[in-house]
Amino acid sequence: MSQSSPSGRASAVSLLSRRLVSLGLGTALVGSLSGCILVQDTSRMNIDVFQDEVAPVWYDPARTPPAADQTAPQKRDLYRTQFHQTYGLPVSNPLHRTLYGVMVDDGHTLPAIPLDRVRSDMLRQEVSYQTTEAPGTIVVDTRAHYLYLVQGDGKAIRYGVGLGREGYAWSGRGVIQRKAKWPHWTPTDDMVENNPNLKPVSAARGGLVAGLNNPLGARALYIYQDGKDTLYRVHGTPDWRSVGKATSSGCVRMFNQDVIDLFDRVPENTPIVVI
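Residues numbered from 1 in each chain as written. Predicted model: local features only at pLDDT ≥ 70, side-chain atom pairs only at ≥ 80, totals over all residues. Heavy atoms only, no water.

(A) Structural view of the packing of aromatic side chains. Under the criterion given, the structure shown has four aromatic pairs. For the pair Y129 and Y148, a centre-to-centre distance of 4.0 Å together with 10° between the ring planes defines the contact as stacked. Taken together, the residues span a long stretch of sequence, with Y129 in the loop between β3 (125-128) and β4 (138-141) and Y148 in strand β5 (residues 146-152) at a distance of 19 residues. With relative accessibility at 9%, the residue Y148 sits in the buried group. A cation over an aromatic ring shows up here: R158 above the ring of Y146, its NZ or CZ 4.2 Å from the ring centre. A cation over an aromatic ring shows up here: R219 above the ring of F263, its NZ or CZ 5.2 Å from the ring centre. (Phe/Tyr/Trp six-rings, centres within 6.5 Å; stacked < 30°, edge-to-face > 60°. Helix = DSSP H or I, 4+ residues; strand = E, 2+ residues; numbered from the N terminus. Buried < 20%, exposed > 50% of the residue type's maximum accessible area, 1.4 Å probe, protein only. Lys NZ or Arg CZ within 6 Å of the ring centre and 35° of its normal.)

(B) Spotlight on the pattern of salt bridges. Taken as a whole, this structure holds seven salt bridges when the rule is applied. Between R124 and D258 there is a salt bridge; the shortest N-O distance is 2.9 Å. Highlighted residues: R124 in the loop between β2 (108-110) and β3 and D258 in helix α6 (residues 256-265), separated in sequence by 134 residues. On the accessibility criterion, R124 (10% relative accessible area) is buried. Judged by its relative accessible area of 0%, D258 falls in the buried class. A salt bridge links D229 to R233; the nearest nitrogen and oxygen atoms lie 2.6 Å apart. What emerges from the salt-bridge pattern is a single network uniting R124, D258, D261 and R265. (Salt bridge = Lys/Arg side-chain N within 4 Å of Asp/Glu carboxyl O.)

Encoded structure:
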């Protein structure tokens, strides 16, 4: 076997030395990094640091600066009545439970209307209504069983009504020339003749006094045309079931709660149109 020359051995030693130096630096670097990783982070023991990193998931006024002021919208397009602007859009209309609840009026206690047993479109509500009639005019649509009180701006307050034979017997224009709270009811002589059971409340005996069982209900609006009584009435009724329907007798009948509301909204000489 041949012997290595002195110069070859020196080269090998030099190469080995460089490798050992490189290995030592690498080891030192790894050790340095390992030491960095293994050092405990004592900042997690600081409660302020801990709270900042894991909280808040809720609003904490003591630790969260106030948000900039935001101007709330003043107008919404869902419903524009003051009630809805104040309380928003309800899932169902709780206002109806108030409007049609038990009502005490001039010593008479009106029972609540059972809302679950009447058509919802018969309940008082503001609706879109395009008409050439002036605001304040009453329009009775005998086909649809609606009474509209025109408000202007394409709106109207709509009430459900019931109609009898007399309810279809007259149409045209007139005025509300007379209004009465808790009116007496006096059947005509023809009515008494056709129904002898009405003799105790005939005109000769003074008619039927006001009350919960009076066919005219809590209010009556008397329609005149050219200064003459048309014998056509808008009035309340104790028979809430008849609202929205065509029944055997009566003019334009409303829930008592609704006719009270209408009575308070319209003055005498209010124009009325029946179509």
